[in-house]
Amino acid sequence: MHIALLCMETGGRARRQRRPLFAFLCFCLLQLVIGQIRYSISEEMVKGSVIGNIANDLGVELKRLVSGRARVFTSDGSEYIGLDREAGQLVVKQRIDREGLCGEISACSLSFDLILENPMELYRISIDIVDINDNSPVFPKNEIDKEISESSLPGARFSLESAIDPDVGINTLQKYVLHPTDHFSLNVQSSPDGSKNVEMVLKVPLDREQKANHYLTLTAIDGGSPQRSGTVKIHIRVLDANDNAPIFSQSTYKATVLENAAVDTLITTVTATDADEDASSVIQYYFEHATPIVKASFSINAGSGEITVAGPLDYEKFKQFKIKAVAIDNGGLTNSCEIIIDVIDVNDNTPKITVMSFSSNLPEDAAFGTVIAMINVQDLDSNDNGKITCSIAPSSPFKIVSTMPNYYNLVTDSELDRELTPEYNITITAVDGGNPSLSSKEALTLKISDINDNAPQFDNEMYNAYVPENNSPSLSIFSVKALDADWGPNSRISYFIDDGSLNGTPLESFISINTDTGVIYAMKPFDYEQMKSLKIKIKAQDGGTPPLSTNATLNIFVQDQNDNAPQVLYPVQTSGSVVAEIVPRSADIGYLVTKVVAVDVDSGQNAWLSYKLQKAADRALFEVGTQNGEIRTVRQVTDKDAVKQKLTVIVEDNGQPSRSATVTVNVAVADSFPEVLSEFTDFTKDKDYNDNLTFYLILALIVVSILFIFSVIAIISVKIYRWRQRKLFYKSANNLPVIPYYPTMYSDGTLQQVYEFCGTTDSRRSDIKPMRPYSQNTLTVSLSRPGTVQRERKEQLDAELSLEQKPPNNDWRLPPNQRPGPSGAGPLPEGAGVVAGTGPWPNPPTEAEQLQALMAGANAVSEATATMGPRYNAQYVPDYRQNVYIPGSTATLTANPQQPPQQALPPPQAMPPTDAPKAAQTPASKKKSTKKDKK
């Protein structure tokens, strides 16, 4: 809040004037006005000319002018000044004519208010209109006619009509010039109000006979730059002698008149006397230099000098009139006087109420003293007639306070509640102090905007809902409704279920709620036996910011349905054995045989059980208690009663519809337990076949059959596949290369392990494993010629077909010292003993040779696996040392039958042949011997 005084030069440039006295005065008025700025501009500025930068002068940012919707307010509605909010400048909106605006008042200014909203601010701005010399002096008439007697003495004065110059100050009328000046001179007199009275003074006596007419020019000149002037022609006719001029009784007449005086109302009368006689003493009166306003408002009777009202008067426009009256006799002599007429104000103007700013919407939480409207009141009357009092109805929550003369603010005076009163019609009454007083009214409609100050409210804090069990999912089980006294988005209610759980399961899995309507749905069927009730909290939340909410409790009670049949606890029904109750033949009436015990997990009437026999004969021996399930005898046992009694008891609940269960009770009427056993061995067991069990048995049989068929197909497919693989292998066996193999040896040249190599036509089943020393189960191979074992076997079988089979000969076995081994040498000649070799193995062949030899050896060994037997003879073993070395032997396999045997080691010394001891029999060898013996 600040006060500033700003003045502008004639050219429109603003400058601040810091004056201590004025600053102190402004500080004293700080509570009266928010801000005051003064500019000074010249009149007649071009439309759109910049007056000053109001944003800088007030210290207000441009965006504040835009957001606050800054605007110019004038009480009379004139639009001389405009505001450019984007640039923050005051500009000339209309042509300003100082003379038309202020008339003869020298200090001319425009006052208006600059209003900003949100929050409301008011700045009083005054603009001084500086006069420019834009008007020339103008005489009322283009020519003045005067009649002067030739007897007029020098020094006689003749009044002339003054020129009118609307300008003020230096620019107004400054001097008169008369030409020629041979007979007359000018006498200019300045009145207290600044006006000038011009008189023509006779210097030289006139002589009508010499010159009957004189023509003069009177020039009025102002003081502007450049100077402006106006002229009038003066025509003087010289008359015969008239020695006395009229004389007014008063030099100044003062009168008053009410502004509402009717036309022709007499105001005053001026009188003048003339000392002459006869015709020269006849005097006439008229207004001199009368302005159009004077002529329109007043009139003077030329003969009587009565001044009357000629037109309407308005105190607010003209408070006083100064009129110059002239009296002239027939001789042409004149005299003048001044008439001052004061217009008396009457209370003829009602107060004018102007709403400068008004917020039609006010939030209901507005603080005390919030400005709703800024009001300006004007009354053109004066004194008490112009004193205005503004008021509003005392019962409203508002009050009107005065911030400065003729300015009022409408502010809040108490709390507002939109829910109680959403709208106010405020009538502002302005009354002046006249008698009788005049008043005016201005009606304002204020709407109270809603804020979120009311939480939703349920009808009840707790609701109870009853849901039958086994309900369908998505069933609507209840509906809640909440109301919010707020309006608009603040009253839009959404419903939610508070987070919670039941036995570890979220509540949302049981129920859901429509957020808009409050309808509650069951998410899944309820089971009374598992859950009898459910308590949830429902939250109603509005759409305000921040949102407000209220909780209500909903108790959901699950109602039991008869969905469970009774369950028999005793007697226990078993399918593997027969349980019978024994009743002695001497049992009395009412003998308790047994008691059927059953329960129903339902509740209420659905759990009330009743018992009855399924088939009751005419002379039934037993009966069952309807309520307790006790089976008792109803008569004495006779000899005709069968020993075996089968009772079927029906247990039925009281539900709608009812559910039931049956139980079979076997009763033996006998006195001893052996009798019961003899009877119950032939007791036919009832077999209840379950349809579901039959279905499962049939399904299992079908599945087993399908699996069996697929298994057979798979086995046949594998067999066919293997047969084809074997056939292809036989065709390509002779083309396979022989790959030499070198086993692992010790440093002295002996093998680290004795291996057994088993080869088959299916290479995937070939195997090589360590083996024990040679025994009876050692496979033998003929060394007479190269070839596969299968081929030898075929030839030997052909030979055996024609010869009688001989018993096996042990000569094929080698003594231990003659068995092939890693220490053996090359091939033995016939008759040679056991070779004791100590030389190293030959150098190994290349990797390619090893690969070829290994493939050929694998083929050969696999074929020989099936034909090796006791007919092995070491002398037929060819030398394969250059190809494949058989582990544990000095023999090698080769694919070239013409290649002579090669010596792998230097010939060792021959050892005498010795008989090898028999090796210990293994289980396999024993089995083999047994077979041979049988054969």
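Residues numbered from 1 in each chain as written. Predicted model: local features only at pLDDT ≥ 70, side-chain atom pairs only at ≥ 80, totals over all residues. Heavy atoms only, no water.

## Observations concerning the overall build of the protein
Here comes step 1: The number of helices and strands found in the protein is 10 helices and 59 strands.
Here comes step 2: Within the protein, the fraction of its 935 residues that count as buried is 38%.
Here comes step 3: Looking at the protein as shown, the accessible area adds up to about 53,300 Å², and 52% of this sits on carbon and sulfur atoms. (Helix = DSSP H or I, 4+ residues; strand = E, 2+ residues; numbered from the N terminus. Buried < 20%, exposed > 50% of the residue type's maximum accessible area, 1.4 Å probe, protein only. Areas by Shrake-Rupley, 256 points an atom, 1.4 Å probe, with all protein chains shown as cover.)

## Here we look at the sheet that holds strand 46 (residues 580-583)
Whether parallel or antiparallel, the strands of a sheet pair through hydrogen bonds between backbone atoms.
Here comes step 1: Taken in spatial order, the 4 strands line up as 46-53-52-49 in an open sheet, and their pairing is mixed. Edge positions in the open sheet fall to strand 46 and strand 49 (609-613), since each of these has one partner strand only. On average, each strand axis in the sheet is inclined to that of its neighbour by 35°, with strand direction left out of account.
Here comes step 2: As paired strands, strand 52 (residues 644-653) and strand 53 (residues 660-669) are joined by 9 bridges and run antiparallel to one another. Within the sheet, the bridge partner assigned to Ile650 lies in strand 53 and is Thr662. (Pairing = 2+ DSSP bridges. Axes fitted to C-alpha atoms, helices over the stretch in contact; angles between N-to-C directions.)

## Remarks on the confidence of the model for the protein
Here comes step 1: When the pLDDT values of the protein are averaged, the result is 77; 70% of them are 70 or greater.
Here comes step 2: A low-confidence stretch, residues 1-33 (pLDDT under 50), is modelled with 61 contacts involving residues beyond four sequence positions or located in other chains.
Here comes step 3: In the predicted structure, residues 864-935 sits below a pLDDT of 50 and forms 169 contacts with residues beyond four places in sequence or in another chain. (pLDDT = per-residue confidence, 0-100. Contact = heavy atoms within 4.5 Å.)

## Section: the sheet that holds strand 29 (residues 388-391)
Here comes step 1: With respect to topology, 4 strands assemble into an open sheet ordered 27-33-32-29, the strand pairing being mixed. Edge positions in the open sheet fall to strand 27 (361-363) and strand 29, since each of these has one partner strand only. Direction aside, the axes of adjacent strands within the sheet are offset by 30° on average.
Here comes step 2: Note: strand 27 against strand 33 (residues 439-449), 3 bridges, orientation parallel. Bridge pairing in strand 33 links Leu362 to Ile448.

## Some thoughts on unusual backbone geometry
Here comes step 1: The amide bond that connects Asn118 to the next residue, Pro119, takes the cis arrangement and shows omega of 0°.
Here comes step 2: Its location among the elements puts Pro119 in the loop between strand 8 (109-116) and strand 9 (121-130).
Here comes step 3: The linkage connecting Ser225 with the following residue, Pro226, adopts the cis geometry, with an omega of 0°.
Here comes step 4: Looking at the secondary structure, you find Pro226 in the loop between strand 15 (213-222) and strand 16 (229-239).
Here comes step 5: Even without being a glycine, Arg69 presents a positive backbone phi close to 50°.
Here comes step 6: Structurally, the position occupied by Arg69 is in the loop between helix 3 (62-67) and strand 5 (71-73).
Here comes step 7: Positive phi, normally seen in glycine, also occurs at Ser474, with a value near 65°.
Here comes step 8: Mapped onto the elements of the fold, Ser474 is located in the loop between strand 35 (462-468) and strand 36 (475-479).

## Observations concerning the packing of aromatic side chains
Here comes step 1: With the rule as written, the count across this model stands at 10 aromatic pairs.
Here comes step 2: Ring centres of Phe248 and Tyr285 lie 6.0 Å apart, and the angle between their planes is 55°; on these two criteria the pair is classed as tilted. Within this pair, whereas Phe248 is found in strand 17 (residues 247-248), its partner Tyr285 is found in strand 21 (residues 283-288), the two being separated by 37 residues in sequence.
Here comes step 3: Judged by centre distance (4.9 Å) and plane angle (80°), the rings of Phe298 and Phe321 are edge-to-face. In this pair, Phe298 sits in strand 22 (residues 298-300) while Phe321 sits in strand 24 (residues 320-329), placing the two residues 23 residues apart along the sequence. We note that Phe298, like Phe321, is buried.
Here comes step 4: Linked through ring pairs, Phe298, Phe318 and Phe321 together constitute an aromatic cluster.
Here comes step 5: If you follow Lys319 out to its NZ or CZ, it ends over the ring of Tyr315, 5.0 Å from the centre. (Phe/Tyr/Trp six-rings, centres within 6.5 Å; stacked < 30°, edge-to-face > 60°. Lys NZ or Arg CZ within 6 Å of the ring centre and 35° of its normal.)

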